[in-house]
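Structural features, examined
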Amino acid sequence: MRKLFLLLFLPLVWNIQAQQPDKPGAPEIFQQIQQLNFLGSVLYVAAHPDDENTNLISYFTSDQKARTGYLSLTRGDGGQNLIGPELREQLGLIRTQELLAARRIDKGEQFFSRANDFGFSKHPRETLQLWNKEQVLGDVVWIIRQFQPDIIINRFHHESHGDTHGHHTSSAILSLEAFDLAGDPQAYPDQLAEVEVWQPTKAFFNTSTWFYGGQEAFDKADKSKYVQLDTGTFFPLLGLSNPEIAALSRSQHQSQGFGATGTRGSRIEYLELVKGVHPANATSLFEGINTTWSRVEGGQAIGKILSEVEAEFDFQNPSGSLPKLLEAYNLITKLEDDHWRDQKTKEIKEVIAASAGLFYEAITSAPTGVPGDPVNLSFEVINRSPVPITLRSIKIHPSIEAVEVNQELPYNHPWQERLSIELPESLPYTTPYWLEEPAQNGMYQVSDQNLIGLPETPPELQIDYTLEILGYQLTYTRPVTHKRNDPVKGETYIPFAVVPPVSVNFKDDVMVFSADAPRKLTVRVTPYQNPLKGKVRLVTPAGWRVAPAVQTFDMTQMSPKDFVFTIWPPEGQSQEVLKPEIELEGDPSTIYGSQTLQIDYDHIPRQTLVLPAQLKVVKLKIETRAKRVGYIHGAGDVVPEGLRQMGYQVDLLSPADINASSLSQYDAVVLGIRAYNVLPQLGTKQQELLRYVEQGGNLIVQYNTSGGLLTDQIAPYPLRLSRNRVTDETAEVRFEDPSHKVLNVPNKISGRDFENWVQERGLYFADRWGKEFTPVLSMNDPQEPAQLGSLLIASYGKGYYVYTGLSFFRQFPQGVPGAFRLFANLIEL
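Quick notes on the rules
Residues numbered from 1 in each chain as written. Predicted model: local features only at pLDDT ≥ 70, side-chain atom pairs only at ≥ 80, totals over all residues. Heavy atoms only, no water. Helix = DSSP H or I, 4+ residues; strand = E, 2+ residues; numbered from the N terminus. Rg over C-alpha atoms; globule rule 2.2 N^0.38 Å. Contact = heavy atoms within 4.5 Å. Lys, Arg positive; Asp, Glu negative; His and termini not counted. Charge placed at Lys NZ, Arg CZ, Asp CG, Glu CD. Buried < 20%, exposed > 50% of the residue type's maximum accessible area, 1.4 Å probe, protein only. Arc of directions from axis to C-beta. Pairing = 2+ DSSP bridges. Axes fitted to C-alpha atoms, helices over the stretch in contact; angles between N-to-C directions. Salt bridge = Lys/Arg side-chain N within 4 Å of Asp/Glu carboxyl O. 1 Å grid on protein atoms, 1.4 Å probe; cavity = no way out; pocket = protein on both sides within 12 Å on 5 of 7 lines; lining within 4 Å. Points joined across faces, edges and corners; volume = space filled by probe spheres on them. Nonpolar A, V, L, I, M, F, W, Y, C, P; charged D, E, K, R; others polar. Parallel < 35°, antiparallel > 145°, perpendicular 65-115°, else oblique. Left-handed = near helix turned anticlockwise from the far one by under 90°. Core = buried A, V, L, I, M, F, W, Y, C linked by side-chain atoms within 4.5 Å. Phe/Tyr/Trp six-rings, centres within 6.5 Å; stacked < 30°, edge-to-face > 60°. Lys NZ or Arg CZ within 6 Å of the ring centre and 35° of its normal.

**Focus on the overall build of the chain**
A count of helical and extended segments in the chain gives 17 helices and 44 strands. For a compact globule of 829 residues, the expected C-alpha radius of gyration is about 28 Å, and the chain comes in at 29 Å, within 12% of that figure. Contacts in the chain between residues far apart in sequence, at least 24 positions, make up 74% of those at least 6 positions apart. Each charge sign in the chain was given a centre, from 75 positive and 98 negative side chains, and these centres are 6 Å apart.

**Topic: helix α10 (residues 322-332)**
One turn of an α-helix holds 3.6 residues; hence residues three or four places apart share an orientation. Those residues of α10 that sit buried are Leu322, Leu325, Leu326, Ala328, Tyr329 and Ile332. Relative to the axis of α10, the buried residues are bounded by an arc of 160° and lie together on one face. Elements that come into contact with the buried residues of α10 comprise α1 (26-36), α9 (300-312), α11 (338-355), β17 (462-469) and β18 (472-479).

**With respect to the pairing of strand β29 (residues 574-584)**
Here strand β25 (residues 532-539) runs beside β29; their pairing, made up of 6 bridges, is antiparallel. Note that in β29 the partner of Gly534 across the bridge is Leu584. Inspection of the sheet shows β29 paired to strand β33 (residues 615-619) by 5 bridges, in the antiparallel sense. Paired with Glu576 across the bridge in β33 is Val617. Summarising the sheet, β29 and strand β30 (residues 587-592) pair through 3 bridges and their orientation is antiparallel. Residue pairing for β30: Leu584 is matched across the bridge by Asp587. If you look at the hairpin formed by β29 and β30, you'll find 2 residues sitting between the two strands, and Gly586 has a positive phi there, around 90°.

**Looking at the sheet that holds strand β36 (residues 668-671)**
In space, the 7 strands of this open sheet follow the order β35-β34-β36-β37-β44-β43-β41, with mixed pairing throughout. Two strands close off the open sheet at either side, each with one partner strand: β35 (649-653) and β41 (774-775). Here strand β37 (residues 698-702) runs beside strand β44 (residues 799-804); their pairing, made up of 5 bridges, is parallel. Within β44, the position partnered with Ile700 by the bridge is Val802. Those strands touched by helix α15 (residues 682-694) are β36, β37, β43 (791-796) and β44, and its axis lies near 130° from that of β44. Across the sheet, helix α17 (residues 817-828) touches β34 (628-632), β36, β37, β43 and β44, and the angle it forms with β37 is around 140°.

**Looking at the sheet that holds strand β15 (residues 400-408)**
One open sheet holds the 4 strands; their spatial order is β15-β14-β17-β18, and the pairing between them is antiparallel. This sheet does not close on itself; its edge strands, each paired only once, are β15 and β18. In this sheet, neighbouring strand axes are inclined to one another by 20° on average, regardless of whether the strands run parallel or antiparallel. Relative to β17, strand β14 (residues 389-397) runs antiparallel, the two being bridged by 8 bridges. What sits directly across from Ile394, in β17, is Tyr465. Contacts from α10 reach β17 and β18 within the one sheet, and its direction differs from that of β18 by about 85°. Packed on one face of the sheet, α11 meets β17 and β18 and runs near 95° to β18.

**As for the environment of Trp198**
Of note, Trp198 is situated in the loop between α6 (166-181) and β6 (202-207). Among the residues examined, Trp198 registers a relative accessible area of 17% and is labelled buried. Placed 49 residues apart in sequence, Trp198 and Pro149 show a C-alpha to C-alpha distance of 8.4 Å. Setting aside chain neighbours within four positions, we find Trp198 in contact with Ile144, Arg145, Gln148, Pro149, Asp150, Ala182, Gly183 and Arg295.

**Section: the pattern of salt bridges**
Taken as a whole, this structure holds 38 salt bridges when the rule is applied. Put simply, Asp753 and Arg821 hold a salt bridge, and the shortest N to O gap is 2.6 Å. Here Arg821 lies in helix α17 and Asp753 lies in the loop between β39 (734-735) and β40 (766-769), a separation of 68 residues in the sequence. On the basis of relative accessibility, which here comes to 6%, the residue Asp753 falls in the buried class. By relative accessible area, which is 9% here, Arg821 ends up buried. Put simply, Lys304, Glu308, Glu312 and Lys324 are held in one network by salt bridges that share partners.

**What to know about empty space enclosed by the protein**
Within the structure shown, the criterion is met by 1 cavity of 30 Å³ or more. Put simply, the largest cavity is a space of about 30 Å³. In terms of lining, the largest cavity is formed by Arg75, Ser113, Arg114, Tyr433, Trp434, Tyr444, Ile452 and Gly453. Here the lining of the largest cavity is composed, by residue class, of 4 nonpolar, 2 polar and 2 charged.

**Brief notes about the side chain of Gln97**
Among the structural elements, Gln97 can be located in helix α3 (residues 88-106). The residues touching Gln97, leaving out its near neighbours within four places in the chain, are Arg104, Glu456, Ile604, Pro605 and Gln607.

**Looking at the packing of α10 against α11**
Helix-helix packing: each pair is described by the crossing angle between the helix axes and the interaxial distance. Put simply, α10 and α11 touch, their axes get as near as 10 Å, and they point 160° apart. Compared by their axis directions, α10 and α11 come out roughly antiparallel. Viewed along their axes, α10 and α11 form a crossing whose handedness is left-handed. Residues Leu322, Leu325, Leu326, Ala328, Tyr329 and Ile332 of α10 touch α11, and the partners they reach there are Arg341, Lys344, Thr345, Ile348, Lys349, Val351, Ile352 and Ser355.

**Some details on the nonpolar core**
Ranked by internal contacts, the top residues of the largest apolar core, which has 78 residues, are Leu643, Leu671, Leu719, Tyr801 and Phe823. Element by element, the count of residues in this core is highest for α17, at 7 residues. The residues touching Tyr801, leaving out its near neighbours within four places in the chain, are Leu690, Val693, Leu699, Val701, Ile714, Ala715, Pro716, Leu719, Phe773, Leu792, Ile793 and Ala794. Formed by 58 residues, the second largest nonpolar core is a distinct cluster that contains Ala353, Phe379, Ile394 and Leu419.

**Notes on unusual backbone geometry**
Geometrically, the link from His397 to Pro398 is a cis peptide bond, its omega value of 5° lying close to zero. Along the chain, Pro398 turns up in the loop between β14 and β15. The residue after Val745, namely Pro746, is reached through a cis peptide bond having omega -10°. Summarising the element assignment, Pro746 is placed in the loop between β39 and β40. Of note, the phi angle at Asn406 is positive, near 50°, even though the residue is not glycine. By the element assignment, Asn406 lies in strand β15.

**Remarks on the environment of Phe156**
Its location among the elements puts Phe156 in the loop between β5 (151-154) and α6. Judged by its relative accessible area of 4%, Phe156 is buried. Sequence-wise, Phe156 and Leu699 are 543 residues apart; in three dimensions their C-alpha atoms are separated by 40 Å.

**Quick word on the packing of aromatic side chains**
On inspection of all chains with the given rule, the structure shows 35 aromatic pairs. On the basis of an interplanar angle of 90° and a centroid distance of 4.9 Å, the ring pair of Phe313 and Phe315 is categorised as edge-to-face. Among the residues examined, Phe313 registers a relative accessible area of 9% and is labelled buried. Taking 5.1 Å as the distance between ring centres and 90° as the angle between the ring planes, the aromatic pair formed by Tyr433 and Trp434 counts as edge-to-face. Among the residues examined, Tyr433 registers a relative accessible area of 6% and is labelled buried. Taken together, the ring pairs in this structure connect Phe735, Phe754, Trp757, Phe808, Phe812, Phe820 and Phe823 into an aromatic cluster. The positively charged end of Arg75 is found above the aromatic ring belonging to Phe112, 4.1 Å away from the centroid.

Shown next as structure tokens:
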């Protein structure tokens, strides 16, 4: 048994800040009681974060009082990022948390499959080939069997082959197949050790103006086959209409730029029945489904009690409902129906806690901890009701024995203590469960069946609070967290993270050598123990050389320290991975080589990842002549870092810096991805940019989306952007004008320069342009016509204007040699 120390703790100061524990008031408690009395559920299914219809999710939770979930097959890893440089897995983590933030507003629940968003797909056939269809289908069946929805609603139509994103259509195909298989004991029988078969009653397709190409076409369409729901309900207890709640939820998708403005008044949603039977002229999708407590054996008595609680609810004294709530709780825990017993027990416990004004938290003194090290916890438990409540015990998970407390909690007097514990040596590091193993073939690898479907990894450190309320014992489980007071934001909660004793990371993910000369490499070592002594070295691949071979450190403060190594590349072109190793004094048998990454944005909780540290080193056969490049950031990318790696001096410019005279110092000016979509000031500076080109400058415009351009003229000549793209990263690239200097000077570009590209060739190509433009490249996806709009170059005055939809922003972080060589030629124009 580990030794526990209890110390007196001084009162805490409260400030309100985002991400704090939920503290429902009387209106929210009343809604939760209404939901207790409704036994029906809906599962909304689509492909990505931001595909969900938050208007319907909010309608079902707040108006219909139904348990409502959203199953996003992917985490959106293949999308773009409007708020920062994170892409792929890190972007998927951000978008996961944005979905959870949305669900906290619309009160839905969130689920995922193991499918990896590998990027845009033009047909479900391609999607289901790259995903493991049987595994993803099994995940959908698993989630249906766990959630047990009465109704499934698909965002997309299962017959829209080739008309939309292949992921979209695939989500509907898999949803409907799972609708049939979830109730079949012969389908995925291994799951039945954990869940029961379940047959949903109805499935719908949720159409909208988007599927008709616009409001005008939708208004003219025959909608007689659709079930129509008016979801514009106003909720007086909340002071909001349903579309206003939906807009707040939708606006959490900040990385995708989906901020929404709330509306009021009637709002019709249209749903097409695709499976099951739905009565004509029914006013609710639940028509024909028993959603009362009578659907559960032994439930009628519970329904009667909860109806009385709802009828007698005192908004000035929610605790007055506690005796009957506890009576209902006792009956619910005795139900034989496992699903409804577990679900309604969880719900009513939260109602009881909220009605009693209960608050409990355990705060760590630091945001991180190391397995085997001590952690100081500060507890607060308070009863803000006149009902007598006793805190019987607290238990810390994992594997630390319960501490008997037996402390009465008088009205509005907090119980506060300090507890020092030692973290178990076996405690895993904080990392999203789907990133613990390398992804394969469009799928994340998750070996633990019980993790599949969860939006995030369960917290490593949790507290059980066992309380006695009017003779009933209830246990509440809450995660340990860190809290601090921010001078600007006030009270700020940060998820507690378990990390290794030392983290090692590189400044960049890729290091590019454009010559044989050695370069300095900085390795940052961050201690999470104090003091910390040891050695750091780099494991170099064949042909590469590093000096010194090893460096020692003696760190007495919890602050990072940089170590500089010199690295020599091989003579020829090479692409390898370099890894660090750290050996700590007193523990020579353990080698540490992980980096602890943190993703921190105001709208989501801080995310911590412990991942293997590595640096991709690339020796290029490349020539550069220009010296200075101006870069105007758009939606966020790491292209400037890649240009610096190539040897260019890169100055980051703002729209305010743009005038032809000041730009004349640059050999090239590059606009970041989606600059014309996100920088309104560029519209007023366009003539200055074109004047820079006219006077001999070189302007390189990376892709912009065809919709949402903030200026009518992005080029000196006619140029129309489209949604055309080539998603096959291995698609053949043909040279339309082999003699064009961009393919020859200073680097001779060949087909080899388009090898090993990742995710796609490019996106948002132009589909119309003036005769002044020269299309340089041709490419296409299988069975599609050639696309010529990926790279267009035009002379204008004494200079050059370039538009390119090639996805350099994805290739640079992966160290793709040909992408660097081609971009160098663009700059050298």
